[in-house]
Amino acid sequence: VNPTAPSVAAGSDGEGRCSTGGWVRLRLGRHLSAFAATAVSLLAGIWLLVAPWVLDYPQPSGGWGRPTLIDFWTGVGVVAVSSATLILYAATLSGAMRRMGVVPAQTRAARRQHRADGRRAGRGRSGTPAPEAATPSGRVAPGAVAVPPGAVRSAPEPAPAGGPPASVAAAAPDPASPPASVDDVLVPLATALLADLVRRRMADAGDGPTAAQGGR
Amino acid sequence: VRTPRLTSLMSAGLWGTVVLTLGGVWLLVGRVLVAGRPAAGAVWTAAARNDVVVGAVLILVGSAGIFTQVAFGLRDALAAGTRRADGAPGADPAER
């Protein structure tokens, strides 16, 4: 879920209102027909590749017959062209969606940064946890117990009677703010709930909330 | 209403569909040129029958693909031109 990506509420006719304003038309009919035609051609090419052996073409001793050669190499060409055509149609579709704002436009530098982040995260999972394992976005390396600073500050506050715990209220997203990613919403919420649970158990056991704050 | 641009009708993938259609023509016609014309009254071999059927399928599918691509492209280009001429607010950004 990308918070910067505008959503599109497309109707049955493929037309809808984009969250950034303005109408967008998803020209799916055009792309679907192109994909279908190319997929059928790809299947025909694969069939041409195997047909000489499936249909048992006559083969002269020590080589392929002329019909086999023709069908095989024509099949190779059809498979290659239809694969390239599928890629081109997919690129056309993704470009159209990017222009419409359905898919966020990513610059080359942003893609490189995204790949580097993925590699760093992979290294953190496979070996020793890197110092940046707990990222600012709230992602925590597996096995680590980390509480975002905002949740820790709000955890020891007493809950008002009849209402939700203060920590939960503090972790709840502001409805007026732009939509955040699932991680950004769920991680602080789950952490705040966990801290609240720990605080209550410590209080039941006779310890004060200060112990819960220090004993995360 | 502006005349639709050729680039909006002829996407890159459309050229691939044209090549696939020509591949069907090759299977139907060109094969006879290379493999030789079968004798009159001779029974069709499995290879000849297969090439005719697959060639016809490629021509049909390719032609249908080209037709739908051009038809949808024309429709969208005309719709975009009409919206621009009407001065509709928030005209379709995909058509730009």
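Here, every reference points to the structure presented above.
Source: prediction; values computed, not measured.

### Focus on the overall build of chain A
In terms of regular secondary structure, chain A is built from seven helices and three strands. Counting only residues that meet the buried cut, chain A has 28% of its 216 residues in that class. Here the analysis covers contacts within chain A between residues at least 6 apart in sequence; of these, 48% occur between residues at least 24 apart.

### Brief notes about the overall build of chain B
Along its length, chain B carries three helices and zero strands. Reading the helices (α) and strands (β) of chain B from amino to carboxyl end gives α-α-α. Relative to its full complement of 96 residues, chain B shows a buried share of 34%. Residue pairs at least 24 apart in sequence account for 78% of intrachain contacts in chain B once pairs closer than 6 positions are excluded. A total of about 5,500 Å² of accessible surface is found on chain B, and carbon and sulfur atoms cover 71% of it.

### As for helix α1 (residues 28-54) of chain A
When the terminal C-alpha atoms of α1(A) are compared, their 37 Å separation across 27 residues agrees well with the 39 Å that a helix rising 1.5 Å per residue should span. At the exit of α1(A) stands A:Asp56, carrying a positive phi of roughly 60°.

### Here's the deal with the nonpolar core
By size, the foremost hydrophobic cluster in this structure holds seven residues: A:Ala44, A:Leu48, A:Val78, B:Leu20, B:Leu27, B:Val54 and B:Leu58. Of all the elements in the fold, those that place two or more residues in this core are α1 of chain A together with α2 (12-35) and α3 (46-86) of chain B.

### Thoughts on the packing of aromatic side chains
Residue and element names in this part refer to chain A. This model, assessed by the stated rule, comprises five aromatic pairs over all chains. Relative to Trp64, the ring of Trp53 lies with its centre 5.3 Å away and its plane at 75°, an arrangement referred to as edge-to-face. Here Trp53 is found in helix α1, whereas its partner Trp64 is found in the loop between α1 and α2 (66-100), with eleven residues between them in sequence.

### Some details on the packing of α1(A) against α3(B)
In the contact formed by α1(A) and α3(B), the axes pass within 9 Å of each other and the chain directions differ by 165°. Taken together, α1(A) and α3(B) sit at an angle that is classed as roughly antiparallel. For the crossing formed where α1(A) meets α3(B), the hand is left-handed. Facing A:Gly29, A:Arg30, A:Ser33, A:Ala34, A:Ala37, A:Val40, A:Ser41, A:Ala44, A:Trp47, A:Leu48 and A:Ala51 of α1(A), the residues of α3(B) in contact are B:Asn50, B:Asp51, B:Val54, B:Val57, B:Leu58, B:Val61, B:Gly65, B:Thr68, B:Gln69, B:Phe72, B:Gly73 and B:Asp76. For the contact of α1(A) with α3(B), the residue count by class is twelve nonpolar, eight polar and three charged.

### Focus on the pattern of salt bridges
Residues and elements named next belong to chain A. Following the criterion strictly, the structure yields three salt bridges over all chains and no others. With its nearest N and O atoms 2.7 Å apart, the salt bridge here joins Asp117 to Arg120. Here Asp117 pairs with Arg120, and both are found in helix α3 (residues 108-126), just three residues apart, close to one helical turn. The class for Arg120 is partly exposed, based on a relative accessible area of 34%. With a shortest N-O distance of 3.0 Å, Asp196 and Arg199 are connected by a salt bridge. Taken together, the positions of Asp196 and Arg199, both in helix α6 (residues 182-204) and three residues apart, correspond to about one turn of that helix. When sorted by exposure, Asp196 lands in the same class as Arg199, which is buried.

What counts and what doesn't
Residues numbered from 1 in each chain as written. Chains lettered and ligands numbered in written order. Predicted model: local features only at pLDDT ≥ 70, side-chain atom pairs only at ≥ 80, totals over all residues. Heavy atoms only, no water. Helix = DSSP H or I, 4+ residues; strand = E, 2+ residues; numbered from the N terminus. Buried < 20%, exposed > 50% of the residue type's maximum accessible area, 1.4 Å probe, protein only. Contact = heavy atoms within 4.5 Å. Areas by Shrake-Rupley, 256 points an atom, 1.4 Å probe, with all protein chains shown as cover. Expected span 1.5 Å × (residues − 1). Core = buried A, V, L, I, M, F, W, Y, C linked by side-chain atoms within 4.5 Å. Phe/Tyr/Trp six-rings, centres within 6.5 Å; stacked < 30°, edge-to-face > 60°. Axes fitted to C-alpha atoms, helices over the stretch in contact; angles between N-to-C directions. Parallel < 35°, antiparallel > 145°, perpendicular 65-115°, else oblique. Left-handed = near helix turned anticlockwise from the far one by under 90°. Nonpolar A, V, L, I, M, F, W, Y, C, P; charged D, E, K, R; others polar. Salt bridge = Lys/Arg side-chain N within 4 Å of Asp/Glu carboxyl O.

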